[in-house]
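Coordinates in review
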2 protein chains.
Amino acid sequence: MYTESIEDYLKAIYEIQKEHAKVSTNSLSEKLNVAPASVTSMIKKLSEKKLVTHKRYQGVKLTKAGQKISLEIIRHHRLIELYLAEALGVPWDQVHEEAEKWEHVLSEDLEDRMDAVLGYPTRDPHGAPIPSRDGTIAELDSIPLADLRSGQSAVVAEVSDHDPDLLRYVGKMGLYPKAKFKVLSIEPFNGPIKIKVDGSEHVLGSGAAQYVFVTEVKGSTTGAT
Amino acid sequence: MYTESIEDYLKAIYEIQKEHAKVSTNSLSEKLNVAPASVTSMIKKLSEKKLVTHKRYQGVKLTKAGQKISLEIIRHHRLIELYLAEALGVPWDQVHEEAEKWEHVLSEDLEDRMDAVLGYPTRDPHGAPIPSRDGTIAELDSIPLADLRSGQSAVVAEVSDHDPDLLRYVGKMGLYPKAKFKVLSIEPFNGPIKIKVDGSEHVLGSGAAQYVFVTEVKGSTTGAT
DNA sequence: TATCATTTTTAGATGAGTCTAAATTCTATT
DNA sequence: AATAGAATTTAGACTCATCTAAAAATGATA
């Protein structure tokens, strides 16, 4: 077993790697809320344990072994989130925080039991894919809502869980995973976006729209500038 | 919030205090699997935080504040045990280990949700009382099964959860909390005990019978020597 | 291409919790 | 009451993860 701290680093590296290719000391420092010097010394340790590869001043990259562990933690995290939401009615903006602590102490046996009770799910409450036990993960092919055009309709695939306020904000509009909606208008220069979800209209700031990812985009691409 | 280690010490002190009045450095050392010197230094810290009182060479005692915290942890522990058994079907010999880790990271909100789902229970799967939120606990008035006499019948109140093997052993005989049974014979000098539970007979070593606590004792006290 | 701001690393310290070995205090027995 | 053996505490060291301050490397631009 690895320490909680090591698990947190590996998870953070995986998440940054998914978006940025370069996983810098600074990005980890920000994500984990620790000083850059602390990151450097942890990187040294992870590197010795062959969980990451590291070239000085060039960022880190997970090894096979490192990725396996990070996906195990992410599996724990997302199964827990879904379990809390489904079985105990915890609101989707609170499940992340709870899972953040529990994920490090969940046994494999309990993981399996939760998985079974949930019916072997593939998505967490925010739409993020749940890695399988053997370490495969179905990453989504989705785009930010902010990139849509007027007149297009789409389906919510995933909402970033990094900020509870964001989740409450878009939740009030009904923008949960699998929700269908239509873009009525979208203003230029990152202006507000008017959408129709389940019969009712809402206006959404572009900041939030960056963090709502959608699929099944249909309709005119020429509606607005 | 206190560290996991502090919580473990407080819980251990509570548990020893319940049986032994003197909570010695050595008893803590054994219960927590740490060196006696480590206990001494932790006692110093707990004492500074006013969670225990301590006279050198004379053992420790929980303060009001210390007891409150230890009961909160025990509440977490026992609610989790019951939840795991009821909601996820975890066998009663495994719930302790799982709860031991989870108890330290359980939020108050989740505690409340589990409490409600379980219907505000008063006993964990081993029959131990669950402290209330405000820190009251209904300690049981029970005696070890080993102290019974031939011919007496009684009801299982609680089984010690300190050893999973013990739980599996007595579980095979049906000696769960609330089970009624009758002592058919009991041999002297800590000999084997023959009992009848739910229609079938079993023989039980006195070692195990020390850790099974019973109430509602009825019948002859004069049956055996 | 030389310089300067940014990023990263090194050096050294800190706090938490643990350990071993040695000293001290207590207690039971003669 | 003296003393042997057990329990407890002190002293000093270790690991883990972090920090701050300072040095070094990078790379962007004038």
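Report on the accompanying structure. A quick note: this is a predicted structure, and the numbers were derived from the prediction, not measured.

What counts as what
Residues numbered from 1 in each chain as written. Chains lettered and ligands numbered in written order. Predicted model: local features only at pLDDT ≥ 70, side-chain atom pairs only at ≥ 80, totals over all residues. Heavy atoms only, no water. Contact = heavy atoms within 4.5 Å. Buried area = accessible area lost by both parts, 1.4 Å probe. Salt bridge = Lys/Arg side-chain N within 4 Å of Asp/Glu carboxyl O. Polar contact = N/O pair within 3.5 Å; in protein donor to acceptor, adjacent residues only side chain to side chain. Phe/Tyr/Trp six-rings, centres within 6.5 Å; stacked < 30°, edge-to-face > 60°. Helix = DSSP H or I, 4+ residues; strand = E, 2+ residues; numbered from the N terminus. Buried < 20%, exposed > 50% of the residue type's maximum accessible area, 1.4 Å probe, protein only. Near = heavy atom within 4 Å. Nonpolar A, V, L, I, M, F, W, Y, C, P; charged D, E, K, R; others polar. Pairing = 2+ DSSP bridges.

Describing the interface of chain B and chain A
Each side of the interface is counted separately: chain B has 19 residues, and chain A has 19 residues. Where chain B abuts chain A, roughly 1500 Å² becomes buried across the two surfaces, and 59% of that area is made up of carbon and sulfur atoms. Taken as a group, Leu88(B), Val105(B) and Arg113(B) account for 35% of the area that chain B buries against chain A, more than any other trio of residues on that side. Remark: the boundary between chain B and chain A carries zero salt bridges. Between the two partners, chain B and chain A, sit nine residue pairs in polar contact (both at pLDDT 80 or more).

Structural notes on the packing of aromatic side chains
Scanning all chains against the criterion turns up three aromatic pairs over all chains. Between Trp92(A) and Tyr176(A) the ring centres are 4.6 Å apart and the planes differ by 55°, which places this aromatic pair in the tilted class. Here Tyr176(A) lies in the loop between helix 7 (164-172) and strand 5 (180-186) and Trp92(A) lies in the loop between helix 4 (64-88) and helix 5 (95-102), a separation of 84 residues in the sequence. A relative accessible area of 9% means that Trp92(A) is categorised as buried. Centroid distance Trp102(A) to Trp102(B): 3.7 Å. Interplanar angle 10°. Geometry classified as stacked. Of this pair, Trp102(A) sits in helix 5 while Trp102(B) sits in helix 5 (residues 95-102), which puts the two residues in different chains. One exposure class covers both Trp102(A) and Trp102(B), and it is buried.

So, the protein's contact with DNA strand D
What surrounds DNA strand D is a group of 20 residues, the closest being Thr3(A), Ala35(A), Ser38(A), Lys45(A) and Asn26(B). Near the protein, meaning within 4 Å, the atoms of DNA strand D are sugar or phosphate in a fraction of 78%, with bases accounting for the rest. Note that a phosphate oxygen of DNA strand D is positioned 3.4 Å from one of the side-chain N or O atoms of Ser5(A). In this structure, a phosphate oxygen belonging to DNA strand D sits 2.6 Å away from a main-chain N or O atom of Ala35(A). If you list the elements that add at least two residues to the surface near DNA strand D, you get helix 1 (4-20) and helix 3 (36-48) of chain A together with helix 2 (25-32) and helix 3 (36-48) of chain B. Counted by class, the surface near DNA strand D contains eight nonpolar, 10 polar and two charged residues.

A word on the side chain of Asp124(A)
Residue and element names in this part refer to chain A. Position of Asp124 among the secondary structure elements: in the loop between helix 6 (108-117) and strand 3 (143-144). Side-chain polar atoms of Asp124 contact the backbone nitrogen of His126, separated by 2.7 Å. If we skip the residues at most four places from it in the chain, Asp124 touches Arg78, Glu81, Leu82 and Ile130.

Focus on the sheet that holds strand 3 of chain A
Residue and element names in this part refer to chain A. Pairing is antiparallel across the open sheet formed by six strands, whose spatial order is 3-8-4-5-6-7. Bordering the open sheet on either side are strand 3 and strand 7 (200-204), each of which pairs with just one other strand. Two elements, strand 4 (residues 153-159) and strand 8 (residues 212-218), share five bridges in a ladder whose sense is antiparallel. Each bridged residue has a counterpart across the sheet, and for Ser153 the counterpart in strand 8 is Lys218.

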